[in-house]
Amino acid sequence: MTIHDRMPNPARKFLLAGRGGLNLTHSEPLDQCLTRYGAARGHLEPAIRAFPPQALKDWCEGLGVETFVGSSGRIFPKSMKASPLLRAWLARLDGMGVELVTRSRWTGWQGDALAFDTAGERREAQCDVAIFALGGASWPRLGSDGSWQEAFAGRGARIAPLKPSNSGFLVSWSEIFRDKFAGEPIKRLRLKFGEHEARGEAMVTSYGLEGGAIYALSAHLRDAMKAGGAVILEVDLVPDMTQDALAAKLSGAAKDSMANRLRKAGLSPVAASLIREDEGGPVLPAAPGDLARRIKGVRLKLAGVAPIERAISTAGGVSWDSLSADYSLKADPSTFVCGEMLDWEAPTGGYLLQACFATGRAAAQGAVARLSATA
Ligand SMILES: Cc1cc2nc3c(=O)[nH]c(=O)nc-3n(C[C@H](O)[C@H](O)[C@H](O)COP(=O)(O)OP(=O)(O)OC[C@H]3O[C@@H](n4cnc5c(N)ncnc54)[C@H](O)[C@@H]3O)c2cc1C
């Protein structure tokens, strides 16, 4: 068996995920976990039930990498790194006789052969089955650039358009806010968009906002933007205090400067400046009730979705109606597909890697079954 990867070394995005601690999967009950896959749940469910979070945790520990459950229920390796796990995994594959060819870019089919550009040289390979795990189109400099779409469409697969998922959003910041606060986190906020809410952290960037709480709402925000609606995101900067309690606190400091009132109300410098980025303009109301309302509902107009190159993951891909239950293409039963190439999305929380591993295993089992059937 041979693995081809176009990059000089494999699994670059997996290693990048390790920089954030490598959130492998989630410990919540399986039925709840399955709801995270939204519209694709029915398609992914058999693979995830066959290789659930516990199995992924056991696989990781079987490679000598201990895991732990974080306070939010997310599962990580104890080292909070991807590299020890990847090293052990590659060593196991090497021991099994698997050949890894790096700098080897798959460029399409040549008849029934797979065509590669391997370190600048054209190569062809005949094989009985091929499993494709070429990823989506986020972070293309790490290898996955979505360039497989044309060849797959030519092979009879329907491709749902690739879209950013768990992405940031563009906000037209004032110059002063952007210059001063790009790169600053805003902690402990609550975001609201229609009936959808998310708590957590957001990061101010030069182009807008990204971070966990934004990602949690990103599919709803993206789809609303596509539908053409004006998208206003409401930010509650003091989610643990009622508006009345906040107003009382602000009136206690009514004689102070605005900066001091906001500081005494518990707002960090970035949060205190964010309230001037509200749709209503930079002038702040002086009356405590009105000021409290502004702090608990800053209205930010989103100007667009951040480019897919910056997104954590990709929605869209090879559509489920192009696939058989064993993860092979209906139009070519010797071609198997898994991971982010498939048409699904999920929030952050370990659900992405969980589905990638589960579909990878299902596709591999499909390939093995086909090999036995055709031997
Ligand atoms: C910053 C960041 C942090 C993340 N953190 C987490 C996390 O903590 N938990 C989580 O669950 N998910 C996380 N993710 C998402 C997760 O990394 C992805 O969902 C997952 O890596 C997708 O796996 P995949 O195998 O489908 O594709 P990829 O990991 O993108 O792998 C695709 C591989 O195919 C190769 N390739 C592509 N095209 C070709 C070609 N034509 N020829 C040969 N090789 C090719 C690429 O070089 C690459 O090695 C994170 C993502 C990012 C960007």
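To be clear, the structure that these remarks concern was listed above.
Just so we're clear, the structure is a prediction, and the values are computed from it rather than from any experiment. (Residues numbered from 1 in each chain as written. Predicted model: local features only at pLDDT ≥ 70, side-chain atom pairs only at ≥ 80, totals over all residues. Heavy atoms only, no water.)

Points about helix α5 (residues 83-95)
Three- or four-residue spacings in an α-helix give side chains the same orientation, since the helix completes a turn every 3.6 residues. Spanning 13 residues, α5 covers 18 Å between terminal C-alpha atoms, matching the ideal 18 Å at 1.5 Å per step. All of the buried residues along α5 are Leu 85, Leu 86 and Leu 93. Each buried residue of α5 sits inside an arc of 95 degrees when the element is viewed along its axis, so together they form one side. Away from its buried face, by an angle of more than 90 degrees, α5 presents the exposed residues Arg 87, Asp 94 and Gly 95. Phi turns positive one or two residues past the end of α5, at Gly 97, with a value near 85 degrees. (Helix = DSSP H or I, 4+ residues; strand = E, 2+ residues; numbered from the N terminus. Expected span 1.5 Å × (residues − 1). Buried < 20%, exposed > 50% of the residue type's maximum accessible area, 1.4 Å probe, protein only. Arc of directions from axis to C-beta.)

What about the sheet that holds strand β3 (residues 67-69)?
A sheet is described by the order of its strands in space; here 3 strands give the open sequence β2-β4-β3, paired in antiparallel fashion. Of all strands in the sheet, those bounded by a partner on one side alone are β2 (25-26) and β3. Strand direction decides the pairing type here: β2 and strand β4 (residues 74-77), joined by 2 bridges, are antiparallel. Note on β4: the bridge partner recorded for Thr 25 is Ile 75. (Pairing = 2+ DSSP bridges.)

Concerning the pairing of strand β16 (residues 298-305)
Each regular strand carries side chains that alternate between the two faces of the sheet. Pairing analysis gives 3 bridges linking strand β11 (residues 169-171) to β16, with the strands arranged antiparallel. Note that in β16 the partner of Val 171 across the bridge is Leu 302. Alignment of strand β15 (residues 232-236) against β16, held across 4 bridges, turns out to be antiparallel. Paired with Leu 233 across the bridge in β16 is Leu 300.

Some points on the sheet that holds strand β6 (residues 104-110)
Spatially, 3 strands are ordered β6-β7-β8 in an open sheet, and the strand pairing comes out antiparallel. In this open sheet, the two edge strands, each paired with only one partner strand, are β6 and β8 (121-125). On average, each strand axis in the sheet is tilted by 30 degrees relative to the strand beside it, whichever way the strands run. (Axes fitted to C-alpha atoms, helices over the stretch in contact; angles between N-to-C directions.)

Examining the site of the ligand
Among the 26 residues in the neighbourhood of the ligand, the closest are listed as Asp 5, Asn 23, Trp 106, Glu 340 and Leu 353. For the ligand, a nitrogen atom lies 2.8 Å from a polar atom in the backbone of Trp 106. Between the ligand and Leu 353 there is a distance of 2.7 Å, counted from an oxygen atom to a backbone nitrogen or oxygen. Relative to its unbound accessible area of 1000 Å², the ligand is 88% covered by the protein chains. Mapped by element, the contributors of at least two residues to the shell around the ligand are α1 (12-19), β6 and α13 (351-374). (Near = heavy atom within 4 Å. Polar contact = N/O pair within 3.5 Å; in protein donor to acceptor, adjacent residues only side chain to side chain. Areas by Shrake-Rupley, 256 points an atom, 1.4 Å probe, with all protein chains shown as cover.)

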